[in-house]
Amino acid sequence: MAKEIKTIGVLTSGGDAPGMNAAVRAIVRAGISKGYRMMGIQRGYNGLINGEVYEMNVRSVSEIIHRGGTILYTARCLEFKTKEGQAKGLARCKELGIDALVVIGGDGSFMGARALANQGIPCIGLPGTIDNDIACSEYTIGYDTAMNTAVEAIDKLRDTTQSHDRCSVVEVMGHHAGYIALNVGIATGAVAVLLPEIPFDFERDILERMRQTQVTGKKHFIIIVSEGVVGAQELANQIQAATGVDSRATVLGHIQRGGSPTVRDRVNASLMGYHAIDLLDKGIYNRVVAVSGEQLDPDHRRTGFGALEDDLVGEYGRVRRNAQPVHVFGRNGDFRNLQVQISAAEVRLQVQRVLAADGNRDAGDAADVHQHLVGVDVTRAHSLFVLRQ
């Protein structure tokens, strides 16, 4: 039997990402439209432990969809990795009457959600990280904006690089995943792209490519390096020593986390936020709202989170090498049940009606998007729903 939920908390945890505010907005407005009391938890699990919690209404999330960062603030909480910290978080949920949580963040954030889920607090996770390194989802909130920010910066850097016949080595973020570097390298026409997933050879992958380009008459070069592969300055020094080409290093750093989110990040974050509330409303708990291609993904083998053997827990957050499916946090290990398909156009229309609401609405005013669930025992349905284009 599904747990009765009256109050839902929402928090952002770990590194901030553009689009988190759009997700918070969607979660709060969708929750209110369905009759839930919505609580904002500031500074992630730190705020949960310390009681930095306040009730949110539709006005609390007005004029934030276009803003970067997160109005709930965020933090990394080492204390919540301990049993004692998790016990404090659970006690605070009970003290404040928080019946369920929506957690926006990365793998560390979902580890915390798993801990609470194992102690009886229903949780839904939204993948929010610019690194796009959540194994169960092909898209994470903030990824698209971060790439566009990097491309814009590199386009400007190209002007001075070309003017001086230089080689610019540009380091982009990505943690242990090369998705930002790869796509930014393609978009900026880089001579070489160095990724953590693929070992590189200095002579073959950099010097030889530069020589081949010089033969065509080109005298300036852009090389993209994903963070952690090799230091940008170190590589620039090596290139200059080997070629004589004036080489400069640029580390884009945290500007990639800031800025107004792109259309894609705003729309996907909004859809994912609405979907998180819809799952809780239907008694489907402890899942990550994942994206496959342009669809919310019902791949139940990869998107649950609960109790797993320790040797599988470490798989979460790893780079999706060779697109191999990764078991994330399966509560009961059996996710072979229902998949529901609905029109993406229908969903967007219904979501827009809820998220654009400026005043108090009755829960019945928001039409039930998932009409296909009539007659289905949702307490036994362990899959997410797919938004079919």
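First, a word on scope: everything that follows refers to the structure included in this document. (Residues numbered from 1 in each chain as written. Predicted model: local features only at pLDDT ≥ 70, side-chain atom pairs only at ≥ 80, totals over all residues. Heavy atoms only, no water.)

### Here's the deal with the overall build of the protein chain
What the protein chain contains, in helices and strands, is 12 helices and 14 strands. For the protein chain, with 389 residues in total, the buried portion stands at 57%. The contacts of the protein chain with a sequence gap of at least 6 include a subset with a gap of at least 24, amounting to 77%. Taken as a whole, the protein chain presents about 16,400 Å² of accessible surface, with 47% of it coming from carbon and sulfur. (Helix = DSSP H or I, 4+ residues; strand = E, 2+ residues; numbered from the N terminus. Buried < 20%, exposed > 50% of the residue type's maximum accessible area, 1.4 Å probe, protein only. Contact = heavy atoms within 4.5 Å. Areas by Shrake-Rupley, 256 points an atom, 1.4 Å probe, with all protein chains shown as cover.)

### Brief notes about the sheet that holds strand β10 (residues 287-288)
Here 6 strands make up an open sheet; going across it, the order is β3-β2-β1-β4-β5-β10 and the pairing mixed. Each edge of the open sheet carries a strand with a single partner, namely β3 (53-56) and β10. The strands touched by helix α1 (residues 20-33) are β1 (7-12), β2 (37-41), β3, β4 (100-105) and β5 (123-127); relative to β4, the strand with the most contacts, the crossing angle is about 165°. (Pairing = 2+ DSSP bridges. Axes fitted to C-alpha atoms, helices over the stretch in contact; angles between N-to-C directions.)

### Re the sheet that holds strand β9 (residues 247-251)
Taken together, the 4 strands give an open sheet; going across it, the order is β7-β8-β6-β9, and neighbouring strands pair in parallel fashion. Where the open sheet ends on each side, the last strands, each with one partner, are β7 (192-194) and β9. Sheet twist, expressed as the average angle between the axes of neighbouring strands with direction ignored, equals 20°. Across 5 bridges, the pairing between strand β6 (residues 167-172) and β9 is parallel. Each residue of the ladder has a partner; that of S168, found in β9, is R248. Each of β6, β7, β8 (221-226) and β9 touches helix α8 (residues 232-243); the most contacted strand, β9, lies at about 170° to it.

### What to know about the nonpolar core
I8, V102, I104, L126 and I224 are the most contacted members of the largest nonpolar core, which totals 59 residues. Non-local contacts of L126, meaning those with residues more than four positions away in its chain, are made with A23, I27, V102, V103, I104, G105, F110, I141, M272, G273, A276 and V289. (Core = buried A, V, L, I, M, F, W, Y, C linked by side-chain atoms within 4.5 Å.)

### Side note on the packing of helix α5 (residues 143-163) against helix α6 (residues 179-188)
Two elements in contact, α5 and α6, have axes whose closest approach is 9 Å; the angle formed by their N-to-C orientations is 45°. As far as their axial angle goes, α6 and α5 are oblique. When the axes of α5 and α6 are compared, the crossing they make is right-handed. Between α5, through Y143, A146, M147, A150, V151, I154, D155 and R158, and α6, the contact on the second element is made entirely by Y179, I180, N183, V184, A187 and T188. Looking at side-chain class alone, the contact of α5 with α6 contains 10 nonpolar, 2 polar and 2 charged residues. (Parallel < 35°, antiparallel > 145°, perpendicular 65-115°, else oblique. Left-handed = near helix turned anticlockwise from the far one by under 90°. Nonpolar A, V, L, I, M, F, W, Y, C, P; charged D, E, K, R; others polar.)

### Here we look at the environment of T243
Tracing the backbone through its elements, the reader meets T243 in helix α8. The partly exposed category is assigned to T243, whose relative accessible area is 33%. C-alpha of T243 to C-alpha of M210: the two residues are 33 residues apart in sequence and 9.0 Å apart in space. When residues no more than four places from it in sequence are discounted, the contact partners of T243 are L207 and M210. In this structure the side chain of T243 is engaged in a polar contact, spanning 3.1 Å, whose partner is the backbone nitrogen of V245. (Polar contact = N/O pair within 3.5 Å; in protein donor to acceptor, adjacent residues only side chain to side chain.)

### Observations regarding the pattern of salt bridges
Between side chains of opposite charge, a pair can form when the charged atoms approach closely. The final tally for this structure, using the stated rule, is 14 salt bridges. The partner of E95 in a salt bridge is R92, and the shortest N-O contact between them spans 3.3 Å. Placement of both E95 and R92 in helix α3 (residues 83-96) is noted, with a separation of 3 residues, approximately one turn of the helix. Classification of E95 by relative accessible area gives exposed; the value is 55%. Overall, the relative accessible area of 21% leaves R92 in the partly exposed class. With a shortest N-O distance of 3.4 Å, D278 and K282 are connected by a salt bridge. (Salt bridge = Lys/Arg side-chain N within 4 Å of Asp/Glu carboxyl O.)

### Examining the pairing of β6
Burial runs high along β6: 6 of the 6 residues are buried. Side chains of β6 alternate between two faces, with C167, V169 and E171 and S168, V170 and V172 buried alike.

### Section: the packing of helix α7 (residues 202-215) against α8
Between α7 and α8, whose axes approach to 11 Å, the crossing angle comes to 60°. In terms of orientation, α7 lies oblique with respect to α8. Pair α7 / α8 crosses with right-handed handedness. Residues F202, I206, L207 and M210 of α7 form the contact with α8, whose participating residues are L235, Q238, I239, A242 and T243.

### Thoughts on helix α9 (residues 263-281)
Taking 1.5 Å per residue, 19 residues should reach 27 Å; α9 reaches 27 Å between its end C-alpha atoms and fits that length. With respect to burial, α9 is a largely interior element, 14 of its 19 residues being buried. With its phi angle positive at about 75°, G283 sits one or two positions after the end of α9. (Expected span 1.5 Å × (residues − 1).)

### Remarks on unusual backbone geometry
With phi around 60°, Y73 is a residue other than glycine that occupies positive phi space. As for its position among the elements, Y73 is in the loop between β3 and α3. For Y73, a relative accessible area of 43% puts it in the partly exposed group. You will see that N132, though not glycine, has its phi angle at about 55°, which is positive. On the basis of relative accessible area, N132 is assigned to the buried category, the value being 2%.

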